[in-house]
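Listed below, chain by chain, are the residues.
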Amino acid sequence: MNGMRTLGAKPWIWSFAAAVIVWVTTVWFTGGSSAVGLSQATLTFAAFSIIVGVGQMFVITLGPGNIDLSVPATMTLSGTVALKVMDVQDSMILVGLLLAIFVGIAIGMGNYALIKLLRIPPIIATLSMSFIVQSFAIWTNRGLRIKPPEMLSSFATSYTFGIPNVALIALLISVLAWVLLEKSVYGRRISAIGQSSFAARMAGIPIDGTRFVTYVLCSVLAALCGYLLASFSGGAALNMGAEYLLMSIAVVVIGGTAVAGGNSNVPGIWGASLFMFLVVSMLNTYGFGAGVRLILTGLIIIAVILAAGGRKALR
Amino acid sequence: MNESVPKPEVAAARGVKVAFGAVKALDGADLIIRQSECVGLVGHNGAGKSTIVNVINGGLSPHEGTISYGGVEAQGISTARAHGIRCVFQELSLCPNLTVAENARVMHSDLKGSGWRRRGLELVTQKLDDIFPGHAIDCESVVEDLSIAERQMVEIAISFAAVAEAPKLVILDEPTSSLDAGLAAQLMAYVRRFVGSGGSVLLISHILGEILSTSDRIVVMKDGKVVADRPASEFDTRRLVEAMGSVVRHQGWERAAKAHSGQPVLSVQLHPRSSHRLQAFGGEIVGLAGLGGHGQTEALLEIYLSANGNWWPTKEPKMAFVAGDRALNGAFPLWSILKNLSISSLKGLSKRKLIDPVREQEVSERWKKRIEIRTPDMHNPILSLSGGNQQKVLFARALATTSKIVLMDDPMRGVDIGTKQEVYEILRSEASAGRTFIWYSTEMDEIRLCDRVYVFRDGAIADELVGADITEANVLAASFAGGAAA
């Protein structure tokens, strides 16, 4: 029985193994001088992927067809709105945070309203939602670049015990998500829905309520990530969320969460996020051009998914 | 009819045995169809009617026994077709994305060469006019756009149509189930004309009136055997129902003939045509009987879905549901036995929304012992269990809740007899403790365990039986249209 459990806990191993291999080769190439710097940069940038990845993971757990494509637009809107409201004043930091969360809740509710009321598949509903949200962001932003409050931006860019603050926040969110997924009634419910929506219904699970909460949760995490990213990079930009669309999905898949739903894990998202950043910096260190870098990134991702997928083929 | 000289055989199955695993679908059945006669085939669910049809049309090779067409032993679908055997299936088999003429081409490979579309169209139109005069079917439309009744009519017309060779034997499996009375009468009249002109028909129907008025000879099947094979004139509705019933009387447990006091815990009007409201009192086992697929599962789903909300978790769910089709709506394949068992009662097992693992373990061990789930460890995956034990987990899932009403959708399908006895025992003790069970079953032995039984026919409740009236004969009589008069 213990054998079964360790086997079940395995899917995330692969993403960590890949991350470690890439880290070692990069550090070895630079003769060990980059070890600390590389680790800190990786943790910082991985933190943002982790936060959106956790949200996306909950949605993907709901089963085939469930996905949230409004993540980048949500990040952009919450970042721009929060910075505008805070207006460089340290006293407004909390108000800005609450506003970002509110933006997330509103977008999540909008997403599920489209899915449920208009019976649009989630992939299209969240994509159309993201157009609305992006237009909103353009309208509020109007091309000006407001700086984040001083205290907030120094918090986002500094370290505690040598670990980036944003990584600590990502760790806190991940622990909460893990408890939610593994220990709570809600976690059982989304896993049940992901395995068989009809069976879940007949087992007395409120499907609509659970799915609604999940879409809201995903949007709130994206909004939170947008708030942090805008503070970290010294201002919100309209394209700041763009790379997180593919990233949020890729880290979930590479992390060993079943795309078919019902089976997910939080640690894998860490491994995958670290790996994704490390691959890019490794190829940079080797001095490859942008084109070769993208091709190699793609190939490496495919290799990792194949290696991890061999295990899951048992299903 | 002059029976002194036997007419030549069209198709014959002799001493046929077919087994699916441990289930004997056919246990030495004989069925002979002669030229220019209509044979009626009746029997309750699982009697082996569909299996013997599949043997005769060549779709299924028997494990024992012989098949012959026109006196020549042969086997296989193409051989059967070459001997003029045609079959109209109960579940419609037209391709919905093709037109009527194109479907005719699918069934008749002789329809070839240039202009096959036009000829197919003429062929089907003419046959439809012939069988169902006054029909309004546009044969150039795609099958998808036709109603269920129209599709059935088209399929019948295509089967009776002759391209190169006229059909010799047409098997009609429940052909009138989706036709109204007028169309059914037209079809039966055509069957008589077809038989009169030398063709043969094997007619399967649960409408006994149809069988009695149209057939020359009636074959009654039960438990994979032919139990009666006599000219139709020797039968009437009552005798037919008796022939279908079981010979050996099993003993049900003794029902406490309790008088119901107070309000029913459940009372619903299911279908506008239902003759009774479905009612259930506390501590009662209510059976839903009738032939399979006559609306019992739909009734259970309707009752369940209207009682359980889809948005907010209810504090104390009013009803629990035991699925009959484990793979479709029961087990969660990725989970352990433990998680599968506790999913419906997590509310009572958690503190501040977090599951208490100790109490979850306790509950699962208690049910493991009580319902005897055969596994060394409840953390093993659910799929490591045999089908019967998986079913027990689903029972335990429902019984572990605090729900006062438990709905059961034919949960004993494919469960061995030992497991059944264990579960019956638990149902009885739970019922005497005040739980109400609503139990759809296709097995007569289980229906006899119920305190009250509603017999379903065509999606509506046709009859209510209480106490000593719950007998196989009464259930069968109510299940078959026309049987009510007996």
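Residues numbered from 1 in each chain as written. Chains lettered and ligands numbered in written order. Predicted model: local features only at pLDDT ≥ 70, side-chain atom pairs only at ≥ 80, totals over all residues. Heavy atoms only, no water.

## Quick word on a nonpolar patch on the surface
Residue and element names in this part refer to chain A. Side chains of Val20, Trp23, Val24, Trp28, Phe29, Tyr286, Phe288 and Val292 sit close together on the surface and give an oily, nonpolar patch of about 790 Å² of accessible area. In terms of residues, the nonpolar patch owes the most to one element, helix α2 (residues 13-29), which gives 5 residues. Judged by its relative accessible area of 31%, Tyr286 is partly exposed. (Patch = residues over 30% accessible without salt bridge, like charges linked within 9 Å, V, L, I, M, F, W, Y side chains within 5 Å. Areas by Shrake-Rupley, 256 points an atom, 1.4 Å probe, with all protein chains shown as cover. Salt bridge = Lys/Arg side-chain N within 4 Å of Asp/Glu carboxyl O. Helix = DSSP H or I, 4+ residues; strand = E, 2+ residues; numbered from the N terminus. Buried < 20%, exposed > 50% of the residue type's maximum accessible area, 1.4 Å probe, protein only.)

## Remarks on the sheet that holds strand β14 (residues 319-322) of chain B
Residues and elements named next belong to chain B. Taken together, 6 strands build an open sheet; the order of strands is β14-β17-β18-β13-β19-β20 and the sheet is mixed. Sheet topology places β14 and β20 (460-466) at the edges, where each strand pairs with a single neighbour. Within the sheet, the average angular offset between the axes of one strand and its neighbour, ignoring direction, is 20°. Sheet strands touched by helix α9 (residues 296-307): β13 (285-290), β14, β17 (405-409), β18 (436-440) and β19 (452-457). Its angle to β14, the strand with the most contacts, is close to 145°. (Pairing = 2+ DSSP bridges. Axes fitted to C-alpha atoms, helices over the stretch in contact; angles between N-to-C directions. Contact = heavy atoms within 4.5 Å.)

## Some details on the domain arrangement of chain B
Residues and elements named next belong to chain B. When cut into domains, chain B gives domain 1 (9-244), domain 2 (262-318 + 404-486) and domain 3 (325-402). Between the C-alpha centres of domain 2 and domain 3 the distance comes to 24 Å. The interface is formed by 20 residues belonging to domain 2 together with 15 residues belonging to domain 3. Approximately 1500 Å² of surface area, both sides summed, lies buried where domain 2 meets domain 3, with 55% of it carried by carbon and sulfur atoms. In terms of surface lost to domain 3, no three residues of domain 2 exceed Glu422, Ile426 and Arg435, which account for 31% of the buried area on that side. The interface formed by domain 2 and domain 3 holds 6 residue pairs in polar contact (both at pLDDT 80 or more) in total. Among the elements of the structure, β17 and α14 (417-432) are those that each provide at least two residues to the side of domain 2 that touches domain 3. Per-element accounting of the side of domain 2 that touches domain 3 gives the leading share, 7 residues, to α14. In terms of residue class, the side of domain 2 that touches domain 3 is made up of 10 nonpolar, 3 polar and 7 charged. (Domains from an automatic or database assignment. Buried area = accessible area lost by both parts, 1.4 Å probe. Polar contact = N/O pair within 3.5 Å; in protein donor to acceptor, adjacent residues only side chain to side chain. Nonpolar A, V, L, I, M, F, W, Y, C, P; charged D, E, K, R; others polar.)

## Considering the environment of Arg293 of chain A
Within the secondary structure layout, Arg293 of chain A lies in helix α14 (residues 290-312). The contacts of Arg293 of chain A, once residues within four sequence positions are left out, are Val280, Leu283, Asn284 and Phe288 of chain A.

## A few points about the interface of chain B and chain A
Of the residues lining the interface, 32 residues belong to chain B; the matching set on chain A comes to 32 residues. For the pair chain B and chain A, the summed buried surface comes to about 2800 Å²; carbon and sulfur atoms form 64% of the total. When residues of chain B are sorted by the area they lose upon contact with chain A, Asn310, Trp311 and Leu334 of chain B head the list and together hold 25% of the total. Inspection of the chain B/chain A interface yields 1 salt bridge. Note that Glu360 of chain B and Arg188 of chain A form a salt bridge whose closest N and O atoms lie 2.7 Å from each other. Counting only elements with at least two residues in the side of chain B that touches chain A, the list comes to α9, α10 (326-329), α11 (337-342) and β16 (354-355) of chain B. When residues in the side of chain B that touches chain A are grouped by element, the largest group, 3 residues, is from α9 of chain B. When the residues that make up the side of chain B that touches chain A are grouped by side-chain class, the tally is 17 nonpolar, 9 polar and 6 charged.

## Regarding the packing of aromatic side chains
All names here are of chain A. Here the structure, examined in full by the defined rule, presents 15 aromatic pairs over all chains. The interplanar angle of 70° and the centroid separation of 4.4 Å between the aromatic rings of Phe29 and Tyr286 together place this pair among those described as edge-to-face. Of this pair, Phe29 sits in helix α2 while Tyr286 is found in the loop between α13 (267-285) and α14, placing the two residues 257 residues apart along the sequence. Judged by relative accessible area, which is 45%, Phe29 ranks as partly exposed. (Phe/Tyr/Trp six-rings, centres within 6.5 Å; stacked < 30°, edge-to-face > 60°.)

## Side note on the pairing of β17 of chain B
Residue and element names in this part refer to chain B. Counting buried positions along β17 gives 5 out of 5 residues, so the element sits mostly inside the fold. Burial along β17 is two-sided: the face carrying Ile405, Leu407 and Asp409 and the face carrying Val406 and Met408 are both buried. Across 4 bridges, the pairing between β14 and β17 is parallel. When the sheet's bridge partners are listed, Ala320 is paired in β17 with Val406. With 5 bridges connecting them, β17 and β18 associate as parallel partners. What sits directly across from Ile405, in β18, is Thr436.

## Looking at the side chain of Thr74 of chain A
Residues and elements named next belong to chain A. If you trace the backbone, Thr74 turns up in helix α4 (residues 71-86). Overall, Thr74 belongs to the buried group, its relative accessible area being 0%. Excluding anything up to four places from it in sequence, Thr74 contacts Ile107, Val133, Ser219, Ala222 and Ala223.

## Describing the environment of Asp173 of chain B
Residues and elements named next belong to chain B. With respect to the helices and strands, the residue Asp173 is situated in strand β7 (residues 169-173). Given a relative accessible area of 6%, Asp173 falls into the buried group. For the pair Asp173 and Ile204, spaced 31 residues apart in sequence, the C-alpha to C-alpha distance is 4.9 Å.

## A look at the pattern of salt bridges
Residue and element names in this part refer to chain B. Under the counting rule described, the total for this entry stands at 20 salt bridges over all chains. Linking Lys127 and Asp130 is a salt bridge whose minimum nitrogen-to-oxygen distance equals 3.8 Å. With Lys127 and Asp130 both in helix α4 (residues 116-131) and 3 residues apart, this pair spans about one turn of that helix. You can call Lys127 buried: its relative accessible area is 17%. The shortest N-O distance in the salt bridge between Arg452 and Glu464 comes to 2.9 Å. With a gap of 12 residues between them, Arg452 in strand β19 and Glu464 in strand β20 connect regions that are remote in the sequence. We classify Glu464 as partly exposed; its relative accessible area is 26%. The structure contains a network of salt bridges with shared partners spanning Glu37, Arg217 and Asp229.

## A look at helix α16 (residues 472-479) of chain B
All names here are of chain B. Most of α16 sits out of view: 6 of its 8 residues are buried. Inspection of α16 places Glu472, Val475, Leu476, Ala477, Ala478 and Ser479 among the buried residues, and these make up the whole buried set. Contact partners of the buried residues in α16: β9 (217-222), α8 (237-244), β13, α15 (444-447), β19 and β20.

## A closer look at the pairing of strand β8 (residues 200-204) of chain B
All names here are of chain B. Most of β8 is tucked away: 5 of the 5 residues are buried. Both faces of β8 are covered, namely the face carrying Ser200, Leu202 and Ile204 and the face carrying Val201 and Leu203. As paired elements, strand β3 (residues 38-42) and β8 share 4 bridges and run parallel to each other. Across the sheet, the residue bridging to Val39 is Leu202, located in β8. Direction of pairing for β7 relative to β8: parallel, over a ladder of 5 bridges. The residue of β8 that forms the bridge with Asp173 is Ile204. Taking the sense of rotation as the criterion, the β-α-β connection linking β7, helix α6 (residues 181-196) and β8 turns out right-handed. (Right-handed = clockwise from strand over helix to strand, strands pointing away.)

## Observations concerning the packing of helix α5 (residues 93-117) of chain A against helix α6 (residues 122-141) of chain A
Residues and elements named next belong to chain A. Look at α5 against α6: their axes get within 9 Å of each other, and the N-to-C directions meet at 135°. It follows that α5 is oblique to α6 by the angle criterion. Between α5 and α6 lies a crossing of right-handed hand. When α5 is examined against α6, the residues Ile107, Gly110, Asn111, Leu114 and Ile115 are found in contact with a partner set consisting of Pro122, Ala125, Thr126, Met129 and Val133. (Parallel < 35°, antiparallel > 145°, perpendicular 65-115°, else oblique. Left-handed = near helix turned anticlockwise from the far one by under 90°.)

## A look at α4 of chain A
All names here are of chain A. When the terminal C-alpha atoms of α4 are compared, their 22 Å separation across 16 residues agrees well with the 22 Å that a helix rising 1.5 Å per residue should span. Across the 16 residues that make up α4, a large majority, 14, are buried. A positive backbone phi angle near 50° is found at Asp87, which sits one or two residues after α4. (Expected span 1.5 Å × (residues − 1).)

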